[in-house]
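Spelled out from the first residue to the last, the chains are:
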Amino acid sequence: MKYYSTNGQAPVADLEKAVVKGLAEDRGLYMPEKIHRLPKQFFDDIHTLSFRDIAYNVASNFFGDDVDMDALQDIVYDTLSFDCPVVEVSPNIYALELFHGPTLAFKDVGARFMARLLGYFLRRRAGAADGVVNVLVATSGDTGSAVANGFLGVEGIHVYVLYPKGKVSPIQECQFTTLGQNITAVEVDGVFDDCQRLVKSAFMDEELNRHMRLTSANSINVARFLPQAFYYFNAYARLKEQIVNSKSSNSKSLVMCVPSGNFGNICSALFGHQMGLPVSRFIAANNANDVVYQYLKTGKYEPKASIQTLANAMDVGDPSNFARIVNLYSKNGELTEEQTHKAITALISGATYSDEQIKQTMKQCYKETGYVLDPHGACGYQALKDGLRDGEIGVFCETAHPAKFKEKVDDILGIDIEIPDRLKAFMEGEKQSVEMTNSFDDFKAYLMKQ
Ligand SMILES: *Cc1c(COP(=O)(O)O)cnc(C)c1O
C-alpha cells in the first residue's frame, strides 16, 4: 500500500516511510491510497471471532502488503493484551470501555501497535546501521503516558516525553517519569504549547535531523491512529453477539459516538466505516472546544485557541486529523467544499458541552444507572442521550478510566473512586526527569549531546 499526503505536494510513501517520518515532506498527513472493503463473510461471522482475530483481519486489510503475515499477527496479538468490552449503561446506550490498557486510556492501543510496528521495521533493516530512532512527544498528560508505556523496552527506539512542569496531574506524571530504560521525561519550564513548539522545531531543524533520526508518535502517525479501528469492529461484534443471543432488537441501526479532541479516534472509526463496518451514522462529541461542531453547522472551519475544560484531553482548537476527514470525503480534493461538507454532514453530526453540562451528566448518569463516567466519556454519553432516534442503538467511547481524573470525579459525584492496582504501581516508582527551559536552543543543545 502506498500513502499520499493530504497536502498533495509530497511523493507517495510506503508504510515504513510513512511510519518512520510521521508527517509528509509538505507537512501534510499520510493517507492510504485505497481502503479495501472487508468481505461479507467476515461481517456474517464476526460475532464468533475474538477481539484479536477481528483486529488481525482489519490490520491485514491495511498493513498486509507491507508486513509479513506472521509478524503482523504477533504485533496485533501483542498489542491487544487487554479487552475493550461493551457495557450497557442505559436502555439502547452502551459504553465501549477503552480504558483497560496499561495506562487506562484508549491511546494504549495505537501507541502499542505503533511501537511494535516500528520495532519490526527496525529489526528488518538491522545491519543498515541507521542507529536508534528517537520518538519525540509533547504531552499535556495522557498521550505521554500511553506512548511511553507502549514503547517501553522496544529495542532501537528512544522516547523523549516533553511535559509542562507542574501542569500535569501527579497520577499522569508518574506514568511516564518512573519508567527509566529507553524513556526520558523532559520537564519543561513552560506550558503545553511550549512543549509542542520545541518538538515541532526539532523536526524542522536540519542539523539536529542529521545528528539523530526523529519521529513523532501522536495521532498524525498512521500507525497510531489506524489501529484504533480495531475496537469499533470488536464493539460491533460483541453487540451482535448479545443481540443474536437475546434475539431482540435485530433491526436497530447502530450509531457510534466518539468524544473527540484531535479527531484521530473518530477518524479511525470512519476508516472502519469505509471498510464496511455497519454503522449508520457517527456523532463527534466535543467539550467547549467546538471548532468542528461549528464546521458541521456552517461549513466554515475556523481554528481557535484551545479553552481549558474538565475533559482536558479534548482541549484542542485546531484538530490535526480534521484534514484527514476532509480529504477522505472530498475524495482527495475531487469534490468542492460544499459537496464535501454535504457528504460529511450526511454521516457525522456534532455535539458540544460546557463544563457545567459535563458535571450535570456525570451526576445524573451516576444517580440513574450507577455508572461512573469520566468527563470525556460524559460528552459521548450525553450526545447519545440527546441525539439518539427511534430504532437506533448507540455506542459511545468511554475513553479514560475515571480514576485517572480522581480528584474531579470524586468531587463531582461525592464518591471515593478506587485507584486500580496498575495505577498504584506507577505511583510507587521513583520520579526521574531532565529539567529544561522553554528555549529551543537549550533543548537542541541537550539533544545534540545524546
Ligand atoms: C486523546 C483523548 C481523547 C481525544 O481523542 P482524539 O483522537 O484526539 O480525538 C478523548 N478522551 C481521552 C481520555 C483522551 O485521552
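Everything below is about the structure shown above.
So, a few notes on the structure that sits alongside this text. Only a predicted model underlies this, so the values are computations on that prediction, with no experimental measurement involved.

### Remarks on the pattern of salt bridges
Side chains bearing opposite charge may pair, as long as their charged atoms lie close to each other. Tallying each qualifying case throughout the model produces 19 salt bridges. In this structure, K165 and E187 form a salt bridge, with 3.9 Å as the shortest nitrogen-oxygen distance. With K165 in the loop between β7 (157-164) and α7 (170-177) and E187 in strand β8 (residues 183-188), this residue pair connects regions lying 22 residues apart in the sequence. Using a relative accessible area of 34% as the deciding quantity, one classes K165 as partly exposed. Between D205 and K444 there is a salt bridge, with its nearest N and O atoms 3.1 Å apart. Here K444 lies in helix α20 (residues 440-448) and D205 lies in the loop between α8 (192-204) and α9 (206-211), a separation of 239 residues in the sequence. For the pair D205 and K444, one class covers both residues: buried.

### Here we look at the pairing of strand β1 (residues 2-5)
Pairing between β1 and strand β2 (residues 13-14): 2 bridges, direction antiparallel. Counted as the bridge partner of Y3 is A13 from β2. Note that β1 and strand β3 (residues 30-32) share 3 bridges and pair antiparallel. By the bridge assignment for β3, S5 is matched with Y30.

### Here we look at the site of the ligand
Residues in contact with the ligand amount to 15 residues; listed here are only the nearest, K107, D142, G261, N262 and T399. A distance of 2.9 Å separates an oxygen atom of the ligand from a polar backbone atom of F263. Grouping the amino acids of the shell around the ligand by side-chain chemistry returns 6 nonpolar, 7 polar and 2 charged.

### Structural notes on the nonpolar core
F63, V67, L96, L117, F151, F230 and F233 are the most contacted members of the largest nonpolar core, which has 113 residues in total. In contact with F230, other than residues within four places in its own chain, are F51, A55, V58, A59, V76, L80, V109 and F113. Counting residues in each nonpolar core, the second largest holds 31 residues, with A95, M314, V372 and C379 among its members.

### Focus on the side chain of Q382
Position of Q382 among the secondary structure elements: in helix α17 (residues 375-387). Residue Q382 is classed as buried on the basis of its relative accessible area of 15%. Apart from the residues lying within four places of it in its own chain, the contact partners of Q382 are Y353 and T361.

Rules used throughout
- Residues numbered from 1 in each chain as written.
- Predicted model: local features only at pLDDT ≥ 70, side-chain atom pairs only at ≥ 80, totals over all residues.
- Heavy atoms only, no water.
- Salt bridge = Lys/Arg side-chain N within 4 Å of Asp/Glu carboxyl O.
- Helix = DSSP H or I, 4+ residues; strand = E, 2+ residues; numbered from the N terminus.
- Buried < 20%, exposed > 50% of the residue type's maximum accessible area, 1.4 Å probe, protein only.
- Pairing = 2+ DSSP bridges.
- Near = heavy atom within 4 Å.
- Polar contact = N/O pair within 3.5 Å; in protein donor to acceptor, adjacent residues only side chain to side chain.
- Nonpolar A, V, L, I, M, F, W, Y, C, P; charged D, E, K, R; others polar.
- Core = buried A, V, L, I, M, F, W, Y, C linked by side-chain atoms within 4.5 Å.
- Contact = heavy atoms within 4.5 Å.

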